[in-house]
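Residue-level listing of the chains:
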Amino acid sequence: MDVWISALLFSAGYNTSLVTLGAMALGASAGMIGSFILLRKRSLVSDAISHATLPGLALAFILTATLTGDGRWLPGLMIGAALSATFGLWCVQAISSRTRLGEDAAIGAVLSTLFGLGVVLITAIQTMNIGGQAGLTDYLVGSTAGMLAAEAQLIALCALLLLLACFMFRREFLLVCFDAEYAYTTGIRTRRIDMLMLLLLLAVTVIGLKVTGLILIVALTIIPPVTGRFWTNRPLHMVAIASVCGALAGYLGVTLSSIRSGLPTGPLIVLSAFMLFALSLLLSPRRGIVAKLAAHQRFKTQVHLRQGLLSLARHEAIYDGLTLRILKRHGYIRRDHVPTPSGLAAARDAEHEEQLWSLYRTLYPDEAAYAGYVGLEPIGQCLPPDTIMALEMRRYPPQGGAS
Amino acid sequence: MKPPAIHDPAILESPLAIQGLTVSYGQNPVVYSVDFVTPPGSLTAIVGPNGAGKSTLLKAALGIVRRLSGEVLVYGKPYAQQSQRIAYVPQRNSVDWDFPATVLDVVTMGLFRQLRWWQFTRRKHRDTALACLARVGMESFADRQIGQLSGGQQQRVFLARALAQQADLTILDEPFAGVDAATEKAIVEVLKSLRQQGKTLLCVHHDLTTVRDYFDHVLLVNVRRVAAGPVDEAFTESALQQAYGGRLGALQLERIVSVNSTPGA
């Protein structure tokens, strides 16, 4: 516990602090680019990228090991991983654009093939007599324990550059995600922007090799964006929240893994990200489970209130206990169920609203069904003023005849 | 090799001059060698039966859909140099309305061109976007989630976004499809007020009965160009017969073409 707290407070030594900062920057950039990828509905692509890094990683390992005696040279491994991921991406693009297969099928085929190839190569390495092979699993599940300061600096620097790139192109990304054709008409080269998004995703994957391991980086590009979606309805806010969640996951994961030697960083980061996701799922005020339950309760109350008021307006007797309680709580009826003056006024309003809504439903059935209006919301908040005016004119024609 | 210079002033001044435009999916031409010179300051309808390539024609002119052949000039220059002068209002079913965005977010997208990457959207941008929303009667919906809008409201938001772009030419793809009567009226008023400001509007339209009321020019297409020009000259019974190939009954035609049948006038 003490170890964890000192790691949390950045007082567990220079290296640990540096690694923590690097992982936070990585998490932030993964959350950011991951959000755009999610909004573009291409989350599966990140899966393809991460699996496709494996053969390149293994080949780079073999190459540097035969040249220098030790294969664990991070920049070399990054380049190898990037090259094979690029190849994988190219295959996906080629298959989905030149054949009738969809992108998902192409991703499935490419991902499993390249990963299979990677596993074969890794197995081969383990039977070879070359240096540093024991450390290879660190790149599969992530290990920051023995990370060099130079490596941590490289990761942090690259991650910060990625963050900057995402920030610079946020509006182009957003437009392409929302409506690529419209984006094109405003002068954005959509294909280039799509390419850039994939490039940044690829860079995040490669940079994250040593921190989360190559497979689990997928979680870091998907879970924080989904978490962000719980908290906001606005696109760039979602990107920002995802970025913070990613950084937080990196922070918690790395510090947790420093508690005991041998704890893998990647899984801990992912579990931290998941914890944030689970909390959001439960507690988010917009889409969380608790909020949904509360909203359902509110809706039930609204229905009872409206039905009660309509019954008052039409002088019908009310028997439902809940309806009576709600009316009493609002002060619309007295203890002996006789409506109060404010109750009568509210009943008149409710009747008026109800008539406008039912007129709207008769006149524009498609519109009403499409928007799912049930008629409980105040009509003024749901329809534009000119539409309401038109409804009022229909309901109460100015020449008289209205009652 | 440069294409021969064009000296025809009508083409050089036209907001959108299309020449010999052909689009084909596979071996099947959807738009075939269409010429059309949009008159500046006009409100033009593109009319034709389903599958006549109306939307494709516009998308090809904008470069969204790749064209097989043909030339498109925007005020005498290629589109890529002039995209800031054009606003496009796509069909509303072209986007995912579950996208995390408010009405104001979508309208603000029309202002992105003015913003460099280091700039943030400020008060004045918000005010501009709100003013555009007010013109389509949606200012009270600014903070509404776009997924909660009805079809007509979605269309109004798209129109507001185009207004924010302050373009000289606005291209609309079926803006009246599936909207309520109040929205249709609101949109027509905006379009007419834009024309009064000297802007040009080009609009794919499917309701033949309103062509005379709403538009001053018309382009009738059915894969090929059938007729084009001022509504009084080009929107004739024979042109309609040709475009729709006998799909319109005699009574229907009479109702569409006769000038005096304007309802509610």
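Residues numbered from 1 in each chain as written. Chains lettered and ligands numbered in written order. Predicted model: local features only at pLDDT ≥ 70, side-chain atom pairs only at ≥ 80, totals over all residues. Heavy atoms only, no water.

**Some thoughts on the overall build of chain A**
Scanning chain A for helices and strands turns up 20 helices and 0 strands. Taking 403 residues into account, the globule formula puts the C-alpha radius of gyration at 22 Å, and chain A, at 29 Å, lies well above it. C-alpha extents for chain A along the principal axes are approximately 95 × 55 × 35 Å. For chain A, with 403 residues in total, the buried portion stands at 50%. (Helix = DSSP H or I, 4+ residues; strand = E, 2+ residues; numbered from the N terminus. Rg over C-alpha atoms; globule rule 2.2 N^0.38 Å. Buried < 20%, exposed > 50% of the residue type's maximum accessible area, 1.4 Å probe, protein only.)

**Regarding the overall build of chain B**
When helices and strands are tallied, chain B shows 11 helices and 9 strands. Over its C-alpha atoms chain B spans a radius of gyration of 19 Å, differing by no more than 12% from the 18 Å that the globule rule assigns to 265 residues. The buried share among the 265 residues of chain B stands at 55%. Long-range pairs, those at least 24 residues apart, make up 69% of the contacts in chain B between residues at least 6 apart in sequence. (Contact = heavy atoms within 4.5 Å.)

**Quick word on the domain arrangement of chain A**
The domain boundaries assigned to chain A delineate domain 1 (2-284) and domain 2 (290-395). Its C-alpha centre places domain 1 of chain A at a distance of 51 Å from the equivalent point of domain 2 of chain A. (Domains from an automatic or database assignment.)

**A word on the interface of chain A and chain B**
Listed per partner, the contact involves 36 residues of chain A and 54 residues of chain B. At the surface where chain A touches chain B, the tally comes to 4 salt bridges. With a shortest N-O distance of 2.5 Å, D105 of chain B and R234 of chain A are connected by a salt bridge. Sorting the residues of the side of chain A that touches chain B by element identifies α7 (149-168), α8 (170-178), α9 (180-185), α13 (235-257), α18 (365-371), α19 (379-382) and α20 (385-395) of chain A as the ones contributing at least two each. Sort the elements by how many residues they give to the side of chain A that touches chain B and α8 of chain A lands first, with 6 residues. Within the side of chain A that touches chain B, the residues separate by chemical class into 20 nonpolar, 6 polar and 10 charged. (Salt bridge = Lys/Arg side-chain N within 4 Å of Asp/Glu carboxyl O. Nonpolar A, V, L, I, M, F, W, Y, C, P; charged D, E, K, R; others polar.)

**Some thoughts on the confidence of the model for chain B**
Residues and elements named next belong to chain B. Put simply, chain B has an average pLDDT of 89, and 94% of its residues get 70 or more. The element-level mean pLDDT for chain B is lowest in helix α11 (residues 250-257), coming to 73, with helix α4 (residues 103-109) highest at 96. Predicted confidence is poor over residues 260-265, with pLDDT under 50, and the contacts of this stretch with residues over four places away or in other chains come to 3 contacts. (pLDDT = per-residue confidence, 0-100.)

**Some details on the packing of helix α3 (residues 43-68) of chain A against helix α4 (residues 74-98) of chain A**
Residues and elements named next belong to chain A. With their axes 6 Å apart at the nearest point, α3 and α4 run at an angle of 130° to one another. Taken together, the axes of α3 and α4 are oblique relative to one another. Pair α3 / α4 crosses with right-handed handedness. Two secondary-structure elements touch here, α3 through V45, I49, A52, T53, L54, P55, G56, L57, A60 and F61 and α4 through G76, L77, G80, A81, S84, A85, G88 and L89. Here the residues of the contact of α3 with α4 sort into 12 nonpolar, 6 polar and no charged. (Axes fitted to C-alpha atoms, helices over the stretch in contact; angles between N-to-C directions. Parallel < 35°, antiparallel > 145°, perpendicular 65-115°, else oblique. Left-handed = near helix turned anticlockwise from the far one by under 90°.)

**Digging into the sheet that holds strand β7 (residues 200-204) of chain B**
All names here are of chain B. The mixed open sheet is built from 6 strands, whose spatial order is β5-β6-β7-β3-β8-β9. Lying at the two open borders of the sheet, with one neighbouring strand each, are β5 (86-89) and β9 (224-230). Across the sheet, the mean angle from the axis of one strand to that of its neighbour is 15°, orientation sign disregarded. Bridging between strand β6 (residues 169-173) and β7 involves 5 bridges; their strand directions are parallel. Note on β7: the bridge partner recorded for I171 is L202. Running over the sheet, helix α6 (residues 151-164) touches β5 and β6 and is turned about 170° from β5. Relative to the sheet, helix α10 (residues 237-244) contacts β3 (43-47), β8 (217-222) and β9, its axis offset from that of β8 by approximately 35°. (Pairing = 2+ DSSP bridges.)

**A word on a nonpolar patch on the surface**
All names here are of chain A. A contiguous nonpolar surface patch, about 800 Å² in accessible area, is contributed by W231, M275, L279, L281, L282, L283, I289, V290 and L293. Secondary-structure elements contributing two or more residues to the nonpolar patch are α14 (265-283) and α15 (289-313). Looking at the nonpolar patch, the element that brings in the most residues is α14, giving 5 residues. (Patch = residues over 30% accessible without salt bridge, like charges linked within 9 Å, V, L, I, M, F, W, Y side chains within 5 Å. Areas by Shrake-Rupley, 256 points an atom, 1.4 Å probe, with all protein chains shown as cover.)

**Some details on the environment of L202 of chain B**
Residue and element names in this part refer to chain B. By the element assignment, L202 lies in strand β7. Exposure remark for L202: the relative accessible area of 1% places this residue in the buried category. Along the sequence, L202 and F215 sit 13 residues apart, while their C-alpha atoms lie 9.5 Å from each other. Setting aside chain neighbours within four positions, we find L202 in contact with L16, F36, T38, T44, I46, L58, L169, T170, I171 and L172.

**So, the packing of aromatic side chains**
Across all of its chains, the model carries 13 aromatic pairs over all chains by this definition. Taken together, a centroid distance of 5.8 Å and an interplanar angle of 50° make the contact between F167 of chain A and F120 of chain B tilted. Of this pair, F167 of chain A sits in helix α7 while F120 of chain B sits in the loop between α4 and α5 (123-135), each in a different chain. Cluster of aromatic residues (ring-pair linked, three or more members): F167 of chain A together with W117, W118 and F120 of chain B. (Phe/Tyr/Trp six-rings, centres within 6.5 Å; stacked < 30°, edge-to-face > 60°.)

**Here we look at the sheet that holds strand β1 (residues 17-25) of chain B**
Residue and element names in this part refer to chain B. Overall, antiparallel pairing links the 3 strands, which are arranged β2-β1-β4 in an open sheet. Each end of this open sheet is capped by a strand with a single partner; those strands are β2 (28-37) and β4 (69-73). Put simply, the sheet's adjacent strands are angled 25° from each other on average, direction ignored. Packed onto the sheet, helix α2 (residues 54-62) meets β1, β2 and β4 and runs at close to 110° relative to β1.

**A short note on α7 of chain A**
Residue and element names in this part refer to chain A. In a regular helix each residue adds 1.5 Å, so 20 residues correspond to 28 Å; α7 covers 29 Å between its end C-alpha atoms and thus fits that length. The set of residues buried in α7 consists of E151, A152, I155, A156, A159, L162, L163, A165 and C166. Along its buried surface, α7 packs onto α2 (14-39), α4, α8, α10 (190-207), α11 (209-212) and α13. (Expected span 1.5 Å × (residues − 1).)

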